[in-house]
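Secondary and tertiary structure notes
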Amino acid sequence: MAAPCVSCCRGLSYRLFLGLRVNFAQRQGYWQTLPVDAQTAPESQILRLIHTTVVTTKKNVSASGRDSYTEDFIKKQIEEFNIGKRHLANMMGEDPETFTQEDIDRAIAYLFPSGLFEKRARPIMKHPEQIFPKQRAIQRGEDGRPFHFLFYTGRQSYYSLMHDTYGKLLQLEKHNDPFPQKTESMNPIGSRWLIKEELEEMLVEKLSDQDYMQFIWLLEKLLTLQYGPAEEEFIQRFRRSVTIQSQKQLIEPLQYDEQGMAFSTSEGRRKSARAEAVVYERGSGKIRVNGIDYLQYFPITQDREQLMFPFHYLDRLGKHDVICTVSGGGRSAQAGAIRLAMAKALCSFITEDEVEWMRQAGLLTSDPRVRERKKPGQEGARRKFTWKKR
Amino acid sequence: MLKGVRKLIPRVHKLDPGCLLRMSTQAPRSITTHSDDQLPVQRPRAICRTPESDPVKTFGEACLMVRKPALELLQYLKNTNFTHPAVRYLLYGEKGTGKTLSLCHVIHFCAKHNWLTLHVPDAHLWVKNCRELLRSTYNKQRLDQPLEASTWLRRFKTTNEHFLSQIKVEEKYIWNKRESTEKGSPLGEVVEQGLMRVRNATDAVGIVLKELKRQSCLGRLQLLVAVDGVNALWGRTTLQREDKSPVAPEELALVHNLRKMVDNDWHGGAIVLTLSQTGSLFKPQTAYLPHELLGKEGFDALDPFVPILVSNYNPKEFESSFQYYLENNWLQHEKAPTEEGKKELLFLSNSNPGQLERLCAYL
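These numbers were taken from a predicted model, which means no experiment stands behind them. Throughout this document, residue positions are counted from 1 along each chain, in the order its sequence is written. Labels follow written order: the first chain is A, the first ligand is 1, and so on. Local features in this predicted model are restricted to residues whose pLDDT is 70 or higher, and side-chain atom pairs enter the listing and the counts only when it is 80 or higher, whereas totals over whole chains, interfaces and linings include all residues. Computation of side-chain values: all heavy atoms of the structure, hydrogens and water removed.

The next thing to look at is the overall build of chain B. Within chain B, the secondary structure is distributed over 13 helices and eleven strands. Accessible area is worked out with a 1.4 Å probe on protein chains only. A residue is then buried under 20% of its type maximum, exposed over 50%, and partly exposed in between. A total of 363 residues make up chain B; the buried ones form 55% of that total. Between two residues, a contact is recorded if the distance between any of their heavy atoms is within 4.5 Å. Across chain B, the fraction of contacts at a sequence separation of at least 24, relative to all contacts at a separation of at least 6, is 72%. Shrake-Rupley sampling with a 1.4 Å probe provides the accessible areas, and residues are treated as covered by the protein chains on show and by no other component. As presented, chain B carries roughly 16500 Å² of accessible surface, and 51% of it is formed by carbon and sulfur atoms. A helix here means a DSSP run of H or I that spans at least four residues, while a strand means a run of E at least two residues long, and both kinds are numbered starting from the N terminus.

Okay, here's the thing in structure tokens:
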């Protein structure tokens, strides 16, 4: 875990204090796993232990368990993971060589079925890199002298990164002619800069917003200059690709009934209402719901406005006939479900662009809102019991 | 929604036939119709009757749309044979399709042709929410409703004033120790008596109905009985006696007399009835067919009748209704005059006149 480094001295004293406590609290299991060379002298031992211990203010160390994992420990975990992977593959009757992470997930879900709602609480088996948080490597030598020249700045990784980047910038400015020409930039589409959290994770250090912005500013400046492949690679480390919203709306195929009229069917859901709509290509704008005219089924104007929305948006108000069935939910949920079903069914009659417009208008997205669960100790999902002063 | 209608009717007979009058707000409620009955194509106007946003008041005029069911009815009425027993015509249809207004149209027509119109604007009002129920003096089993009866008498008086002096009563009626109506006195006296002595109002109503029936049988006048919400006469009531026991409709004197009126045992006129789910008691909302709303008893009582279905607007009617609103600047929304606005309204209301009116009220 990244050691939050407010300021060196203050943190040090903190850690000193708590490290002692840790020392007394956990004796047996913890220390034995530590490598022997770390425990040379008591003082340096305490210092080092403290340094590697992740100590934040007011952190309940015992509750969070052991925070520092040495390299050997991690290596051992990786070995165990691999062996376990092969065992699992054997158990499932698959080939151990080509057993991927997805197969592992599936196997675990099969062997340990869990009814827990929170996905993160279910049993997982992943590579230790993903489970154990990234640690800082040992930063001082045996004599107490730190390895990195920027150690005493407090945030050595961040400052060294800024130093490198600025160095590259100066170099490029020197090499470039006074008229900087922009090369074709690869950034506009498809990738973005790292966000602050990702950068923190990479550097294993806490950053402030200003630091982050400074860094991004430097990178942007670098982009404006001509750079070679080395710089390109450097920059690419800090970009992530953005997945384009390319979920294609599933377009229902048209079906033809006896008279040769084209129609298309689809379903829609909202809360606990389920609806299925059959939209005919040519018609006069009549809608029948469960065999009843929509004017009688939905006496409230609001519901009929919901039904009107897909057609009105595409300007096809009087052109299609619809027959739908709906069940469950209340009147508003049923109206929403039918609207979704109709919009989806309409997709087969319109152009791609119009499908995209509908998607952007939110006609093709099913509403994820469901009734929130009532919690114990409260009267409803959010409402608390009446607070009485005494 | 029928309040507007109630106010409409008293002025019917003051209209000069055939002209399109737009009266000022002082006398707001005159019905103008395009008297082109043969061509159902011409639909110049539409009428609106919500009391809250009453375009009648706003426009200073009340207009009806001439539609097929009404035209059909008028055709039948023109060919009524006054020697045969009165034919019953029943207007039925979904909620908000225009049954009441078709009835108004028919009443207006008959008034123009000098029939005597007996209009009950909503029979449901007689079977619910009655403040006073008195034991009838005439018949011990029945119950009186003085308030409703007096209201109705007032309307009747304003609607058919010129008839009241012409019709003469055939019998002597004794109201109490001091007052009585002699034979041969005009009907107006009976009505006055009912209005003055509210306790006798129900009996006055009964007498009026009986006399009118008799007179029309004798051929002295043509009678049109128009009842809106006739299914109230055979349904259940929400009224209770003092001991909380429910009251059946037969026990109400008004209902009893009206039932006798709606029977086809007299001749010299016609009976036009409308079913209405809106004010009905204990009936499901989707019911609109005669046998559903009338029940077995009512259906048998009304059988045989001529059913006339009133349905939603067809495209032309919708168009003309829309144009009427536009012309009178009823639709203030900027998108309203456009084609898309019209299509939206068409979809949202599904060409139902009632729905359209409610929607346009907001715009």
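On to the overall build of chain A, then. Looking only at helices and strands, chain A has 15 helices and eight strands in total. Going through the 390 residues of chain A one by one, you find that 35% of them count as buried. Partitioning the intrachain contacts of chain A with sequence separation of at least 6 by distance along the chain shows that 64% fall at a separation of at least 24. About 25400 Å² of surface is accessible on chain A, with carbon and sulfur atoms providing 54% of the total.

This part covers the interface of chain B and chain A. Interface size, as often reported, equals the accessible area lost upon joining of the parts. Across the boundary between the two partners, chain B contributes eleven residues, which contact 15 residues of chain A. Once two parts are joined, some of their accessible surface, as seen by a 1.4 Å probe, is lost; buried area is that loss totalled over both. Among the residues of chain B in contact with chain A, Phe347(B), Leu348(B) and Asn350(B) are the three that bury the most area, contributing 51% of the side total. Any carboxyl oxygen of Asp or Glu within 4 Å of a side-chain nitrogen of Lys or Arg constitutes a salt bridge here. Applying the counting rule to chain B against chain A returns zero salt bridges. Nitrogen and oxygen atoms within 3.5 Å of one another constitute a polar contact, given that in protein one can donate a hydrogen and the other can accept it, and given that sequence-neighbouring residues count only through two side-chain atoms. Where chain B meets chain A, there are six residue pairs in polar contact (both at pLDDT 80 or more). Elements with a minimum of two residues in the side of chain B that touches chain A: helix H12 (339-349) and helix H13 (353-362) of chain B. Gly counts as polar in this scheme, as do all residues outside two lists: the nonpolar Ala, Val, Leu, Ile, Met, Phe, Trp, Tyr, Cys and Pro, and the charged Asp, Glu, Lys and Arg. Partitioned by chemical class, the residues of the side of chain B that touches chain A number four nonpolar, four polar and three charged.

Let us look at the packing of aromatic side chains. Residue and element names in this part refer to chain A. Only Phe, Tyr and Trp rings are paired, with Trp represented by its six-membered ring, and only when their centres lie within 6.5 Å; those with planes under 30 degrees apart are stacked, over 60 edge-to-face, the remainder tilted. Scanning the entire structure with this criterion turns up 16 aromatic pairs over all chains. With a centroid separation of 5.5 Å and 40° between ring planes, the pair formed by phenylalanine 263 and tyrosine 280 is classed as tilted. Linking phenylalanine 263 in strand E4 (residues 262-270) with tyrosine 280 in strand E5 (residues 273-280), this pair joins segments that are 17 residues apart in sequence. Residues phenylalanine 309 and tyrosine 313 carry aromatic rings whose centres are separated by 6.0 Å and whose planes lie at 85° to one another, so their mutual orientation is edge-to-face. Here phenylalanine 309 and its partner tyrosine 313 are both found in helix H13 (residues 301-314), four residues apart, which amounts to about one turn of the helix. We classify phenylalanine 309 as partly exposed; its relative accessible area is 28%. Among the aromatic residues, ring-to-ring pairing joins Phe215, Phe234 and Phe238 into one connected group. One cation-aromatic arrangement involves lysine 168 over phenylalanine 234; the distance from NZ or CZ to the ring centre is 4.4 Å. For a ring to carry a charge above it, either NZ of a lysine or CZ of an arginine must fall within 6 Å of the ring centroid while also lying within 35 degrees of the normal to the ring plane.

Residues and elements named next belong to chain B. With 13 residues, helix H10 (residues 290-302) should reach 18 Å at 1.5 Å per residue; the first-to-last C-alpha distance of 10 Å falls well below that figure. A maximum bend of about 95° is found in H10 at lysine 296. On the buried face of H10, the contacting elements are strand E3 (87-93), helix H9 (253-262) and strand E10 (269-274). By this rule the span expected of a helix is its residue count minus one, scaled by 1.5 Å. The bend reported for a residue corresponds to the angle between axes fitted to the seven residues ending at that residue and the seven starting there.

Residues and elements named next belong to chain A. Strand order in this open sheet of six strands is E3-E4-E5-E8-E6-E7, and the pairing throughout is mixed. What marks the edges here is a single partner per strand, and that holds for strand E3 (255-256) and strand E7 (292-293). Lines fitted to C-alpha atoms define the axes here, with helix axes fitted over just the stretch in contact, and angles between the N-to-C directions of these axes take values from 0 to 180 degrees. Against the sheet, helix H14 (residues 331-346) makes contact with E4, E5, strand E6 (287-289) and strand E8 (321-327), and its axis sits at roughly 140° relative to E4, the strand it touches most. Any two strands between which DSSP finds at least two bridges are classified as paired.

All names here are of chain A. Residues Val322, Cys324 and Val326 of E8 are buried on one face, while the alternating residues Asp321, Ile323, Thr325 and Ser327, pointing to the opposite face, are not. Pairing geometry for E5 and E8, over seven bridges, is antiparallel. Counted as the bridge partner of alanine 275 is valine 326 from E8. Where E6 and E8 come together, three bridges link them in parallel fashion. The residue bridging arginine 288 from the neighbouring strand is isoleucine 323, located in E8.

Here the focus is the sheet that holds E3(B). All names here are of chain B. What the five strands build is an open sheet, ordered E4-E9-E10-E3-E11; its pairing is parallel. Looking at the sheet topology across the chains shown, the edges are occupied by strand E4 (116-120) and strand E11 (306-310). Between one strand axis and the next, the sheet turns by 15° as a mean value, whatever way the strands run. Summarising the sheet, E4 and strand E9 (residues 223-228) pair through five bridges and their orientation is parallel. Bridge pairing in E9 places histidine 119 opposite alanine 226. Along the sheet, helix H4 (residues 99-112) contacts E3, E4, E9, E10 and E11; its crossing angle with E9, the most-contacted strand, is approximately 165°.

Side-chain positions along a regular strand alternate between the two faces of the sheet. All names here are of chain B. Extensive coverage of E10 is indicated by the burial of six of its six residues. Every second residue of E10 is oriented toward a common face, with Gly269, Ile271 and Leu273 on one face and Ala270, Val272 and Thr274 on the other, all of them buried. With five bridges joining them, E3 and E10 adopt parallel strand pairing. Residue pairing for E10: leucine 90 is matched across the bridge by leucine 273.

All names here are of chain B. When pLDDT is averaged along chain B, the result is 76; 83% of the residues meet or exceed 70. One number per residue, pLDDT, summarises how confident the predictor is, and it ranges from 0 to 100. In this model residues 1-53 is a low-confidence stretch, pLDDT under 50, and it forms 114 contacts with partners more than four residues away in sequence or in other chains. With a pTM of 0.64, the predicted complex shows an ipTM of 0.75.

What follows concerns unusual backbone geometry. Residues and elements named next belong to chain B. The omega torsion of the bond from aspartate 303 to proline 304 falls at -5°, within 30 degrees of zero and hence cis. Looking at where proline 304 falls in the secondary structure, it is placed in the loop between H10 and E11. Positive phi, normally seen in glycine, also occurs at asparagine 329, with a value near 55°.

The next point concerns helix H8 (residues 156-175) of chain A. Residue and element names in this part refer to chain A. The first and last C-alpha atoms of H8 sit 28 Å apart over 20 residues, in line with the 28 Å expected at 1.5 Å per residue. Of the positions making up H8, those classed as buried are Gln156, Ser157, Tyr158, Ser160, Leu161, Met162, Thr165, Leu169 and Leu172. Packing partners of the buried residues in H8 comprise helix H9 (196-203), helix H10 (209-224) and helix H11 (229-236).

This paragraph deals with the pattern of salt bridges. Across all of its chains, the model carries 32 salt bridges over all chains by this definition. Glu198(A) is the salt-bridge partner of Arg240(A), the closest N and O atoms lying 4.0 Å from each other. One end of the pair, Arg240(A), is in strand E2 (residues 239-241); the other, Glu198(A), is in helix H9, and 42 residues separate them in sequence. Between Glu250(B) and Arg259(B) there is a salt bridge, with the nearest N and O atoms lying 3.0 Å from each other. On the accessibility criterion, Glu250(B) (33% relative accessible area) is partly exposed. A residue is classified by how much of its surface remains accessible, and Arg259(B), at 16% relative accessible area, is buried.

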